[in-house]
Amino acid sequence: MTATPTSQLAERAPTIVRASAGQRAWRALMKAPPTAWFGLVVVTAYILIAVLAPAIAPYPETELVGNAYEEWSEVFPLGTDQLGRDMLSRLIYGARNTIGIAFVTTALSFVLGGLLGLLAVVLGGWIDQVLGRAIDVLMAIPQLIFALVLLSILGASVVNLILIIAVLDSTRVFRLTRAVAMNVVVLDFVEAARLQGEKLGWIMTREILPNILPPLVAEFGLRFCFVFLTISALSFLGLGIQPPTADWGSMVRENATLINYGDITPLLAAGAIALLTVSINFIVDWFLHKTSGLKE
Amino acid sequence: MNAILVTVLKRLGLGVITLFVVSIIISFVFELLPGDFAKAILGQSATPETVAAFQREKGLDRPPVERYLKWIGGVVVGDFGESYSGAGSLGGSKRPVAKLIAPRLSNTLFLAATAAIVAVPLALVLGLLAALYRNSLFDRVVNVVTLTSISTPEFFVAYILMLFLAVKLPWFYALANVSSDTPFLEHLARIALPVLTLVLVTVAQMMRMTRAAIINLLASPYIEMARLKGVPPRRIIVHHALPNAWAPIANVIALNLAYLVVGVVIVEVVFTYPGIGQLMVDAVSKRDMPVVQGCALIFAATYILLNLVADIVAIVTNPRLLHPR
Amino acid sequence: MELEKMKHLATKGKVSRREFIQFAVTTGMTIAAAQTMFSKVAKAEPKRGGFARIGVAHGSTSDTMDPGNYLDTGTQVPFWGAMSNSLTEVDAKGNVVGDLAESMEPADDGKSWVFKLRKGLTFHDGKDVTSEDVVASFRYHMGADSKSAAKSLLEAVADIKTDGKETVIFNLSGGNADFPYIASDYHIPIMPSKDGVVDANGTVRSGAFTFEKWEPGVSAKLKRNPNYHKSGMPYFDEIEVVSVADNAARMNALITGELHWIGRADLKTLNLLEKNPDIQITEVTGYGHYVYPMLTTVAPFDNVHVRQALKYAMNREDIAKKVFFGHAAPGNDNPIAPGIKFATNPEPIYAYDPDKAKFHLGKAGLTSLKVDLSVADTGFTGAVEAGVLYQEHAKAAGIDINLIREPNDGYWDNVWLKKGWCASYWSGRPTIDWMMTTVYAAGAAWNETAWSNARFNELLVAARGELDEAKRAGMYAEIQQLVHDDGGVVVVVFNNYVEAHSKKLAHGDVAPNWEADGLKLAERWWFA
């Protein structure tokens, strides 16, 4: 809301604004706390690794390149796994698969849940009631077991995995969106837009969405990381990602028992997940802090 | 107060309808699942004749709608039906679902309650302290530790705890295989590690929400006012911010409590704790429909009730919601 | 370490006094000390007493007391092995011996078998074990309404009758020299009957332990039966069989001493567990084997050259080493374990040979091949990982195996016998006839390769009724050769039963017919 003068400016002279927006972002970045910097650097590194996986990884994702459980060495920097595949390469490809799947899943669940949530708030009435009750029913069914059953029915392909987790997760996004949007929709500027006869899509995306973004972004950060955990839990119960695809959730599961003997192999994948979670949430915290309007 | 009562009654009514719809969905999805109890129990050694004999005896040869109506008819009068599997230690040749679920449910509730007693106050205190000393080293450390603990798969947290606190340092039991005649103190000792695991995986979310909800309020004018008046920060947070932050916090606590009851199947498996989650997973894999339905209803009811409580907390702590326009 | 191994062998009577002392002296021990040590371990007579806690890898809340539906060790170990007896049992050397039966004699060229019960047998409630009970216990699995997994096993039994209180006569529809083996099956314990009907859900049996308490899927508690028919047995006063499905939890509970014995030790970490001075590992090569059966009626598996190409395209050594950590013997597409009577190892051995695989593909008129292989860990533990390796091995032969991970849940119902090629598991049968009749005979309900070979089927029936050992051996050699050359099964490995126990426990030779010392650990083991 504080940005109104700039946005008015934007309509008249876009070129000037782009520069100023970039400058503002840069200035904000310069003032960012070290934790946010840390988060940004780590996340950027993860994305680079994911995108460049085939170029960085010393070996292909699934090829058997050595004996089982080779020690850390120059040839295999992090040793090999049970089948003799290079651990480092699996981790790198794991970044690609895991982040990719988690991102698509979370994005899908936010689009779905967010859209329905906004619709429920803006349209209200029986649509709100029906959507609300339907989501209540979905949420009342134990998620993990429900996901397991659905995967058994539909088959455990990556696409099904993404769709099922996305739909189940979208229930929470719906509730959150609805809850925060409820407070915004009664505010005067939304009412004004309605009276002006603005279209539904306009009201949803231009009037409400920008004002409920902070809590949604915070939720996105956590949800994104929970996708790994769901995949790993499903893998624990017997249904995960199809082999020989490398993903961190399944990698923790496959090697978990080794921890009992001081072998830190399972910690690598678990650590990769944890580091990403912490980094993303550092960025989210910074963003929340910036949008909270708290001046210190 | 009347408004609350009306809300409660309305929500309970809706809850019953929700339960009913849940049971229909479960039945429907179950029909889509390939196989049935007979095939699951006989596994690789199933033959068409033995499967048919099973189906006749359990009434599985009847149409799904008829079976569902018979079952729901029983539920209305408080009869949850019988498990398809034969007698256990319960005597006779039948296993009533209610008798099967009761001890498991009490185990689960005991575990959930113990974990909640530890986790909820801990999360609140950590959250308040983190909000008070926000952006300090303390805040950051708590943040990193809790984020790391929730981003680690539960079973892995369990293995690590088991390794250090049961194997390396023999302080706790590795197995939590309690039974109905386990003495209370032993029961408590046996669930120490499962409780610790659950605390580690639930504290983070509640703590973060507490912190966020309070920080969110710190920018509001009335807090600004209090600060200008020179009220000490600690007092501002506890007396000014917290009372208005209860709604989102209660919501997250309710979600986590529901999780403690509904979602702990993995912790149960790792520590062999005879809870209701494992019962449901077993029943799903054996296609033991009445047991699955019974468990699903209990889980759904837990979720609905906890949400209701959270909403009531939200209403009670917010007069604007108490007197809607 | 070495000395420990020798002590262990001495306990089991596998080294003589002289060998032991010679060895001990080389480790720097005096002769006198070695002598005392030997007599200490070798004379480890079974001792009475103690409360043994046994951790099995299975168990579900839907387990039942009904022996027709004993599914896995969660019920087999407590309720058959400890609480019940069958007519016969298989000893540690793989021979069938009487259990409740004192003697068993064939008549009419093996078409009829006469079993005589031991004298003075009683059930836990004091009632005598009679021939009536035996007849009722068998009939329970046989009727039209039977829900028993043993129903097809007893299909060849035409009629059972009693001859006095202690004699039972089985009339079979065809000669079967191996019938006493069938009577040892864990589905068929003898249960008390009333008016010719048994209460299959009852907890009164005749075994070494009496029923105390059971929570399905959690644990079963049993107490020593003081009136057991085997003198001196059992040795434990009390046992508890605990279901611990999670590998790591089972290992940890053994290390912390909460369990004394665990089944299905985690192979991944076994070499590390071995280093624990308080833990002993037992390992026997069982009859059980892991297979990838192809439906020989479905293209491209209907071409014998495609089948042989796939057999040559697998590096079984590599799989045995990496998936089973060496605790398995590579298969040669003969489903008969080496320890079984009349077993052969047919030539040529299917060693990994991409060139031969290519050659056979060529004979099938192909230069490359793309096939689907459905796997899940329910098929066999390690099926997914072995499939991943197989996929890599087969690439060298121009074969592209598309690995499909199926859900564990409902696997036997949806995938097995339905998909063209999948993973499966056989715990094995103690005789060639039993194994082949169950899985490879034309028309068998579990013929997972849908294989039908006229010569094989003819030989199978002929060998079953043949009482001349030499002729029988020849027939069985040909039978195994046929499965090996023409059959549709890829036998990946014979798996070992790898189990671990605290050194507080002692035992004799471990039987290979089932896991947990032939499922009879509870009555055979003792506290040292």
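Residues numbered from 1 in each chain as written. Chains lettered and ligands numbered in written order. Predicted model: local features only at pLDDT ≥ 70, side-chain atom pairs only at ≥ 80, totals over all residues. Heavy atoms only, no water.

Undergrad: Where do I start with the overall build of chain A in this structure?
TA: Along its length, chain A carries 12 helices and 0 strands. Ordered by position from the N terminus, the helices and strands of chain A form the series α-α-α-α-α-α-α-α-α-α-α-α. Counting all 296 residues of chain A, 52% fall into the buried class. Partitioning the contacts of chain A with sequence separation of at least 6, the portion at a separation of at least 24 is 69%. (Helix = DSSP H or I, 4+ residues; strand = E, 2+ residues; numbered from the N terminus. Buried < 20%, exposed > 50% of the residue type's maximum accessible area, 1.4 Å probe, protein only. Contact = heavy atoms within 4.5 Å.)

Undergrad: When you look at the overall build of chain B in this model, what are you seeing that I'm missing?
TA: Each helix and strand counted, chain B has 15 helices and 0 strands in total. Dimensions of chain B along its principal axes, counting C-alpha atoms only, are 85 × 60 × 35 Å. The burial tally for chain B puts 55% of its 325 residues in the buried class. A sequence separation of at least 24 residues applies to 72% of the contacts in chain B between residues at least 6 apart. Mean positive and mean negative side-chain charge positions of chain B (26 and 17 charges, respectively) differ by 13 Å. (Lys, Arg positive; Asp, Glu negative; His and termini not counted. Charge placed at Lys NZ, Arg CZ, Asp CG, Glu CD.)

Undergrad: I keep staring at the interface of chain C and chain B and nothing clicks. Help me out?
TA: It is common to report an interface's size as the accessible area lost on association of the parts. Facing 50 residues of chain C, the contacting portion of chain B comprises 48 residues. It is C:Thr61, C:Lys147 and C:Glu258 that lose the most area in chain C upon contact with chain B, and together they represent 16% of the buried surface on that side. Our count for the chain C to chain B interface comes out at 3 salt bridges. Residues C:Glu258 and B:Arg190 are paired through a salt bridge, measuring 3.5 Å at the closest nitrogen-oxygen approach. Between chain C and chain B we count 11 residue pairs in polar contact (both at pLDDT 80 or more) in total. The set of elements that each furnish at least two residues to the side of chain C that touches chain B consists of strand E10 (209-215), strand E12 (238-243), helix H7 (247-255), helix H13 (411-414) and strand E18 (424-426) of chain C. For the side of chain C that touches chain B, the leading source of residues is H7(C), giving 5 residues. Here the side of chain C that touches chain B is composed, by residue class, of 21 nonpolar, 16 polar and 13 charged. (Buried area = accessible area lost by both parts, 1.4 Å probe. Salt bridge = Lys/Arg side-chain N within 4 Å of Asp/Glu carboxyl O. Polar contact = N/O pair within 3.5 Å; in protein donor to acceptor, adjacent residues only side chain to side chain. Nonpolar A, V, L, I, M, F, W, Y, C, P; charged D, E, K, R; others polar.)

Undergrad: Mind showing me how you'd approach the domain arrangement of chain B here?
TA: Residues and elements named next belong to chain B. Taken as a whole, chain B is organised into domain 1 (3-78) and domain 2 (98-322). On the side of domain 2, 23 residues touch domain 1, which itself brings 24 residues to the contact. With both sides pooled, the region where domain 1 packs onto domain 2 buries about 1,900 Å², and carbon together with sulfur makes up 79% of that total. Between the two partners, domain 1 and domain 2, sit 1 salt bridge. Counting across the domain 1 and domain 2 interface gives 3 residue pairs in polar contact (both at pLDDT 80 or more). At the level of secondary structure, the elements contributing two or more residues to the side of domain 1 that touches domain 2 comprise helix H1 (2-32), helix H2 (37-42) and helix H4 (64-76). With 14 residues, the single largest contributor to the side of domain 1 that touches domain 2 is H1. (Domains from an automatic or database assignment.)

Undergrad: Please clarify how the nonpolar core should be interpreted in this entry.
TA: Generally speaking, nonpolar side chains in soluble globular proteins are found buried as a group. One finds A:Trp248, A:Leu276, B:Phe155, B:Ile214 and B:Val270 to be the most contacted residues of the largest nonpolar core, which totals 172 residues. With 16 residues, helix H5 (residues 97-132) of chain B is the largest single contributor of residues to this core. Core analysis: the next-biggest nonpolar cluster, separate from the first, contains 76 residues, C:Ala309, C:Met314, C:Ile319 and C:Ala386 among them. (Core = buried A, V, L, I, M, F, W, Y, C linked by side-chain atoms within 4.5 Å.)

Undergrad: Got a minute to help me understand the pattern of salt bridges in this structure?
TA: Where charged atoms of side chains with opposite charge meet at close range, the side chains can pair. Residues and elements named next belong to chain C. Overall, the coordinates contain 39 salt bridges over all chains when judged by the stated rule. The salt bridge involving Asp486 is made with Arg307; its shortest N-O contact spans 3.3 Å. Residue Asp486 is found in helix H16 (residues 469-486), and its partner Arg307 is found in helix H9 (residues 304-312); the two are separated by 179 residues along the sequence. Of the residues examined, Arg307 reaches a relative accessible area of 5% and is grouped as buried. Among the salt bridges present, the one from Arg455 reaches Glu478, with a minimum N-O distance of 2.7 Å. With Arg455 in helix H15 (residues 454-465) and Glu478 in helix H16, this residue pair connects regions lying 23 residues apart in the sequence. Residue Glu478 is classed as partly exposed on the basis of its relative accessible area of 31%. Within the structure, one salt-bridge network assembled from shared partners comprises Glu89, Asp99, Lys230, Asp517, Lys520, Glu523 and Arg524.

Undergrad: Honestly, the pairing of strand E6 (residues 157-162) of chain C in this entry has me stumped. Any pointers?
TA: Two faces, one strand: in a regular strand the side chains alternate between the faces of the sheet. Residues and elements named next belong to chain C. Examined bridge by bridge, E6 and strand E7 (residues 167-172) share 5 bridges and lie antiparallel to one another. From the neighbouring strand, Thr162 faces E7, where its bridge partner is Val168. Where E6 folds back on E7, the antiparallel hairpin that results is connected by 4 residues, among which Gly164 adopts a positive phi of roughly 85°. (Pairing = 2+ DSSP bridges.)

Undergrad: Which parts of the structure should I look at to understand the interface of chain B and chain A?
TA: Facing 46 residues of chain B, the contacting portion of chain A comprises 46 residues. Both sides together, the interface formed by chain B and chain A hides about 4,200 Å², and carbon and sulfur atoms give 76% of it. In this assembly, chain B and chain A are joined by 0 salt bridges. Between chain B and chain A we count 2 residue pairs in polar contact (both at pLDDT 80 or more) in total. Elements with a minimum of two residues in the side of chain B that touches chain A: H1, helix H6 (137-150), helix H7 (154-168), helix H9 (192-218), helix H11 (233-262), helix H12 (265-270), helix H13 (276-285) and helix H14 (289-317) of chain B.

Undergrad: Looking at this structure, how should I read H6(B)?
TA: All names here are of chain B. The terminal C-alpha atoms of H6, which comprises 14 residues, lie 20 Å apart, in line with the 20 Å expected from a rise of 1.5 Å per residue. Those residues of H6 that fall on the buried side of the exposure criterion are Asp139, Val142, Asn143, Thr146, Leu147, Ser149 and Ile150. Down the axis of H6, the buried side of the element spans an arc of 160°, and every buried residue falls inside it. Across from the buried face of H6, at angles greater than 90 degrees, the exposed residues are Leu137 and Val145. Taking the backbone nitrogen of Phe138 as reference, a side-chain oxygen 3.3 Å away marks Ser136 as the first, capping residue of H6. (Expected span 1.5 Å × (residues − 1). Arc of directions from axis to C-beta.)

Undergrad: Help me understand the packing of H7(B) against H7(C) in this model?
TA: Orientation of H7(B) relative to H7(C), taken along the N-to-C sense of each, is 5°, at an axis distance of 11 Å. Between H7(B) and H7(C), the interaxial angle falls into the category roughly parallel. For the pair H7(B) and H7(C), the contacting residues are B:Tyr159, B:Met162 and B:Val167 in the first and C:Ala248, C:Ala249, C:Asn252 and C:Ile255 in the second. Here the residues of the contact of H7(B) with H7(C) are counted per class, giving 6 nonpolar, 1 polar and no charged. (Axes fitted to C-alpha atoms, helices over the stretch in contact; angles between N-to-C directions. Parallel < 35°, antiparallel > 145°, perpendicular 65-115°, else oblique.)

Undergrad: It is not clear to me how the pairing of E12(C) should be interpreted in this structure. Could you clarify?
TA: Residue and element names in this part refer to chain C. In terms of burial, E12 is largely enclosed, as 5 of its 6 residues are buried. Two elements, strand E1 (residues 51-56) and E12, share 6 bridges in a ladder whose sense is parallel. Its bridge partner lying in E12, Ala52 is registered against Ile239. In this structure, strand E11 (residues 219-224) lies alongside E12, joined through 5 bridges in antiparallel fashion. Its bridge partner lying in E12, Lys221 is registered against Glu240.

Undergrad: Can you walk me through a positive patch on the surface in this structure?
TA: Taken together, the side chains of A:Arg24, A:Arg27, A:Lys31 and A:Lys290 define a basic patch exposed on the protein surface. Relative to the assigned elements, A:Arg27 resides in helix H2 (residues 14-31). (Patch = residues over 30% accessible without salt bridge, like charges linked within 9 Å, V, L, I, M, F, W, Y side chains within 5 Å. Areas by Shrake-Rupley, 256 points an atom, 1.4 Å probe, with all protein chains shown as cover.)

Undergrad: Is there a simple way to explain H5(B) in this structure?
TA: Because an α-helix completes one turn every 3.6 residues, residues spaced three or four positions apart along the sequence face the same direction. Here H5(B) is 36 residues long and its end C-alpha atoms lie 50 Å apart, about the 52 Å a rise of 1.5 Å per residue gives. Remark: the principal bend of H5(B), roughly 30°, maps to B:Ala116. (Bend = angle between axes of the 7 residues up to and from the residue.)

Undergrad: Is there a simple way to explain the environment of C:Glu238 in this structure?
TA: All names here are of chain C. Its place among the elements puts Glu238 in strand E12. Taking relative accessible area as the criterion, Glu238 reaches 22% and is therefore assigned partly exposed. In this structure, the C-alpha to C-alpha distance between Glu238 and Phe209, residues 29 residues apart in sequence, is 7.9 Å. Look past the residues within four positions of Glu238 in its chain and what remains in contact with it is Gly50, Phe51, Ala52, Phe209, Lys221, Leu222 and Lys223.

Undergrad: What should I look at first to understand the sheet that holds strand E5 (residues 112-117) of chain C in this one?
TA: Strand pairing in a sheet takes place through backbone hydrogen bonds and is either antiparallel or parallel in direction. Residues and elements named next belong to chain C. A sheet is described by the order of its strands in space; here 4 strands give the open sequence E4-E5-E7-E6, paired in antiparallel fashion. The two strands at the open ends of the sheet, each matched to only one other strand, are strand E4 (101-107) and E6. Strand-to-strand twist across the sheet, computed as the mean angle between neighbouring axes with direction ignored, equals 15°. Strand direction decides the pairing type here: E5 and E7, joined by 5 bridges, are antiparallel. From the neighbouring strand, Trp113 faces E7, where its bridge partner is Phe170.

Undergrad: For this particular structure, what's the right way to read the confidence of the model for chain A?
TA: Interpretation of the predicted coordinates at a detailed level should be avoided for regions scoring low in pLDDT. Residues and elements named next belong to chain A. Chain-level statistics for chain A give a pLDDT mean of 80 and a share of 90% at 70 or above. No element of chain A has a lower mean pLDDT than helix H1 (residues 4-12), at 40, and none a higher one than helix H3 (residues 34-51), at 90. The low-confidence segment residues 1-17 (pLDDT under 50) makes 5 contacts with residues lying over four places distant or belonging to another chain. (pLDDT = per-residue confidence, 0-100.)

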